[in-house]
Amino acid sequence: MATPPASAIDLTTLDLESFEGQPVAVLGLARSGIALARFLTDHGARVTVYDGRPREALTEALAALGERDSRLLLGPDVEPAEALVGQALICTSPSINSRYPTTEPRLRTALAAIEAEGRVPVVSEVDLFLRLCPAVTVGVTGTKGKTTTSSLAAAVLAAGEAPAVLGGNIGIPLIERLPELTSRHRVVLELSELQLPTLSRGTDTAVYTHVTSDHLDRHGTLTAYRQVKRRLVELLPASGTLVRNEDDPVVSAYQAPAGVRTVRYARSSPPTDGVGVAAGWVVAGPALAREGHDGRILPVADIPLPGEHNVSNVLAAVAVGLLHDVPPDAIASAVRGIGGVEHRLERVAEVAGVTYINDSQGTQPDAVIAAVRAFERPLVLIAGGRSKGVPVDALAAAVAERVTAAVLIGETADELADAFTAAGLARIERAASMGVAVDTATAIAREQVPATVLL
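Only a predicted model underlies this, so the values are computations on that prediction, with no experimental measurement involved.

Is there a simple way to explain the pairing of strand β4 (residues 89–92) in this structure?
Regular strands place side chains that alternate from one sheet face to the opposite one. Judged by which residues are buried, β4 turns out to be covered on both faces: Leu89 and Cys91 on one side and Ile90 and Thr92 on the other are all buried. Relative to β4, strand β1 (residues 23–27) is paired through four bridges, and the arrangement is parallel. Following the sheet pairing, Ala25 is matched in β4 by Ile90. Inspection of the sheet shows β4 paired to strand β5 (residues 122–124) by three bridges, in the parallel sense. In the strand pairing of β5, Thr92 is matched with Ser124. Note that the unit made of β4, helix α4 (residues 105–117) and β5 has a crossover that is right-handed.

If you want it as C-alpha cells, here you go:
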C-alpha cells in the first residue's frame, strides 16, 4: 500500500513542538545527520534515516543514535526515493544537495523532484538551527581563516558577560544545543561553501575572512564559487552587521544590504568604523572604540598565532567582540590565551631541533601559501592529497621562495612536483605514505637545525 502524503511542516511557524508525531527524513549519517536524527527523534518526530554507505561502514554512527527508534534505509542497494515518500520534512547533511554534482546521482535526482514539486520543505541542519535559534548569531565564512577566526571570535565573546557557543562547519553540529539556548547566548557558526547554499535564514553578523578559489570540483567555476560565498552577506537582516576584510580584493567589494552596518578590518591604519594596526598595536577606530577608551586593544606581538594572516583573523575577532560590548581588556586576555586550533598551524612537537607543525586542514592553495609564509627557512613542506581542480601556480611560486624542500604524497604528487620544479624548487622527494613522508622530511630538516617540518 502506498504511503499517504503527510501534511508538510510549516517552516514559517516552526518551533520545538512542530516535530511531534511528524514523519521526517534525515539524509546522510555523518556528524550533522547523527545530530539531526537524535534531535528530531527526541522531539517526537518519526525519523527515517537514509545513507548510501554499507551498514558495516556506519557502525559508529549507528551507535551514536543510541536506543532511539528510527527507520534505517542504509546501503547502496536502497533506492533513495524510498526515504522521501510520505514525509512532512526532509533534512539534509551539508554535502547532500540536488545542485551538487558530488551528491550521489540517484539521491540528487530524487531530491530535485521533491524540490520541484514544492510541497515538502527541504532544509539543512544549519538552516533548521538558524530558523529555531533564539540566540544572537555570528556567521564566519571565507576560503581560508574561517576556523581560526570562528574559534577566536567565540573565545572573545566568552570573555564577555554572555555565554558563547561555537559550532557549525568546525565539526560541532548545533541543532542539539537548541533546548539550552536563550536570547542571552552568543552563537558563532563557521559556515562553509557546502552549508551556505542551503541557507534561507542568515546570521545577525556576517564575518568574512578571504574569498579566493576552492572547491571548483563542486561549484564548477570561480564565479559560481564566489557567488556561493556571497550568500551570507545577502541574507543579513536589516539590523545585522557585515564584518569585512579590507585587505581582500573580493571581500572588500562586498556591499551590505540597505541599512546594514559595515565594520571593516585591515592590517593597516584602523578604519574609522573598524579595526586595524597602528604603531604595533591592534587598534579600534573611533566609531567602534568604547567611549573614553583610546582604542588600543593589545600589541600585535602578543598574538600567539604565527603568520600575518592570523593578525587578520584576530582583527576580525576583535571587531566581533567590540560589536557585542566585550570590554577591551577582556578581548586582549582572550586573544593572548588562545591556543592553536587543531590541524591549523598547530605546533605538535619539537624534537632534536626540528619543530613539527600540523596544518593538515590547509587544503587550498591560498591557505598553504599563508602557512609557508608564517615560517622562516629551513622549512620542509609535506604536501599532496586530492585535487580540487584549483590552479597551483601561485602556490608553487610561494613554495619556491619560502621552502627548502618538499615531500609529496597522494594523487596530486605529480601535479605539484611539476609545478614546484617549474617555479624553481630544487629539492623534491616522493613518499608512498604519511609515515614515510614524515621520516623523509625529518631527515632533510636535521641537515640544518633548527628547522621546521610543515604538514
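Explain the pairing of strand β8 (residues 186–190) here, please?
Most of β8 is tucked away: four of the five residues are buried. Here strand β6 (residues 136–141) runs beside β8; their pairing, made up of five bridges, is parallel. Following the sheet pairing, Thr137 is matched in β8 by Val187. Direction of pairing for strand β7 (residues 164–168) relative to β8: parallel, over a ladder of five bridges.

Explain the environment of Ala159 to me, please; I cannot follow it from the model alone.
Note on placement: Ala159 falls in the loop between α6 (146–158) and β7. Taking the relative accessible area as the measure of exposure, Ala159 reaches 31% and is therefore partly exposed. Sequence separation between Ala159 and Ala334 is 175 residues; the distance between their C-alpha atoms is 6.4 Å. Not counting chain neighbours up to four residues away, the residues in contact with Ala159 comprise Val326, Ala330 and Ala334.

Would you mind showing me how to read unusual backbone geometry here?
Excluding glycine, a negative phi dihedral is what most residues carry, and trans is how most peptide bonds are arranged. Cis geometry is adopted by the peptide bond preceding Pro450, which originates at Val449 and carries an omega value of -5 degrees. Mapped onto the elements, Pro450 comes out in the loop between α15 (434–445) and β20 (451–454). One non-glycine residue with positive phi stands out, namely Asp325, at about 65 degrees. By relative accessible area, Asp325 is classed as exposed at 59%. Phi at Ala352 takes a positive value of approximately 50 degrees, unusual for a residue other than glycine. Looking at the element boundaries, Ala352 is found in the loop between β15 (346–351) and β16 (354–358).

Quick question: what am I supposed to make of the side chain of His185 here?
Within the element layout of this structure, His185 appears in the loop between β7 and β8. Residue classification places His185 among the buried residues on the basis of a relative accessible area of 12%. Within the structure, the side chain of His185 is placed 3.0 Å from the backbone nitrogen of Thr182, a separation counted as a polar contact.

Help me understand the environment of Thr404 in this model?
Structurally, the position occupied by Thr404 is in the loop between α13 (393–402) and β18 (405–409). A residue is classified by how much of its surface remains accessible, and Thr404, at 27% relative accessible area, is partly exposed. Separated by 24 residues in sequence, Thr404 and Val380 place their C-alpha atoms 5.7 Å apart. Apart from the residues lying within four places of it in its own chain, the contact partners of Thr404 are Arg377, Pro378, Leu379, Leu425 and Arg427.

Whenever I open this one, helix α5 (residues 125–132) confuses me. Can you help?
Residues spaced three or four apart along an α-helix point in a common direction, a consequence of the helix completing one turn every 3.6 residues. Counting buried positions along α5 yields eight of eight residues, so the element is predominantly enclosed. Listed in full, the buried residues belonging to α5 are Glu125, Val126, Asp127, Leu128, Phe129, Leu130, Arg131 and Leu132. On its buried side, α5 packs onto α1 (31–42), β4, β5, β6 and β8.

For this particular structure, what's the right way to read the nonpolar core?
Within soluble globular proteins, side chains that are nonpolar generally end up buried alongside one another. Counting residues in each nonpolar core, the largest one holds 56 residues, and the members touching the most others are Phe19, Leu40, Leu128, Phe129, Val187 and Tyr208. At six residues, the largest contribution of residues to this core is made by α1. The next biggest cluster of nonpolar side chains, apart from the first, holds 38 residues, and it includes Val275, Val282, Leu298 and Val314.

Where do I start with the sheet that holds strand β3 (residues 71–74) in this structure?
In a beta sheet, neighbouring strands are held together by backbone hydrogen bonds and run either parallel or antiparallel to one another. Strands sit in the order β3-β2-β1-β4-β5 across an open sheet of five strands; the sheet is parallel. In this open sheet, the two edge strands, each paired with only one partner strand, are β3 and β5. The mean angle between the axes of side-by-side strands here comes to 20 degrees, regardless of whether they run parallel or antiparallel. By the bridge criterion, five bridges tie β1 to strand β2 (residues 46–51) in an arrangement that is parallel. Its bridge partner being in β2, Pro23 is matched across the sheet by Arg46. Against the sheet, α5 contacts β4 and β5, and its axis sits at roughly 90 degrees relative to β5.

How do you make sense of the environment of Asn245 when you look at a structure like this?
Among the secondary structure elements, Asn245 is positioned in strand β10 (residues 241–245). Judged by relative accessible area, Asn245 falls into the buried class, the value being 0%. Taking the C-alpha atoms as reference points, Asn245 and Tyr208, 37 residues apart in sequence, are found 6.3 Å from one another. Each residue touching Asn245, except ones within four places of it in the same chain, is listed here: Tyr208, Thr209, His210, Val251, Ser252 and Tyr265. In terms of polar contacts, Asn245 uses its side chain to reach the backbone carbonyl oxygen of Thr209, at 2.8 Å.

Would you explain the sheet that holds β15 in this entry?
Reading across from one edge, β15-β16-β20-β17-β18-β19 is the order of the six strands in this open sheet, with mixed pairing throughout. Sheet topology places β15 and β19 (428–430) at the edges, where each strand pairs with a single neighbour. Adjacent strand axes in the sheet meet at a mean angle of 20 degrees when their direction is disregarded. Note that strand β17 (residues 379–384) and β18 share five bridges and pair parallel. Within β18, the residue paired with Ile382 across the bridge is Val407.

What's the story with the packing of aromatic side chains in this structure? I'm lost.
Aromatic ring pairs are described here by two measures, namely the spacing of the ring centres and the angle between the planes. In this structure the tally under the stated criterion is two aromatic pairs. Both rings, one in Phe19 and one in Phe39, keep their centres 5.7 Å apart while their planes meet at 75 degrees; by these two values the pair is edge-to-face. Of the two residues, Phe19 sits in the segment before β1 while Phe39 sits in helix α1, which places them 20 residues apart along the sequence. An identical accessibility class is assigned to Phe19 and Phe39; each is buried. Centroid distance Tyr208 to Tyr254: 4.9 Å. Interplanar angle 85 degrees. Geometry classified as edge-to-face. Here Tyr208 is found in strand β9 (residues 205–208), whereas its partner Tyr254 is found in the loop between β10 and β11 (261–265), with 46 residues between them in sequence. Cation over ring: Arg296 sits above Trp281, and NZ or CZ is 4.3 Å from the ring centre.

So, how was this worked out
- Residues numbered from 1 in each chain as written.
- Predicted model: local features only at pLDDT ≥ 70, side-chain atom pairs only at ≥ 80, totals over all residues.
- Heavy atoms only, no water.
- Buried < 20%, exposed > 50% of the residue type's maximum accessible area, 1.4 Å probe, protein only.
- Helix = DSSP H or I, 4+ residues; strand = E, 2+ residues; numbered from the N terminus.
- Pairing = 2+ DSSP bridges.
- Right-handed = clockwise from strand over helix to strand, strands pointing away.
- Contact = heavy atoms within 4.5 Å.
- Polar contact = N/O pair within 3.5 Å; in protein donor to acceptor, adjacent residues only side chain to side chain.
- Core = buried A, V, L, I, M, F, W, Y, C linked by side-chain atoms within 4.5 Å.
- Axes fitted to C-alpha atoms, helices over the stretch in contact; angles between N-to-C directions.
- Phe/Tyr/Trp six-rings, centres within 6.5 Å; stacked < 30°, edge-to-face > 60°.
- Lys NZ or Arg CZ within 6 Å of the ring centre and 35° of its normal.

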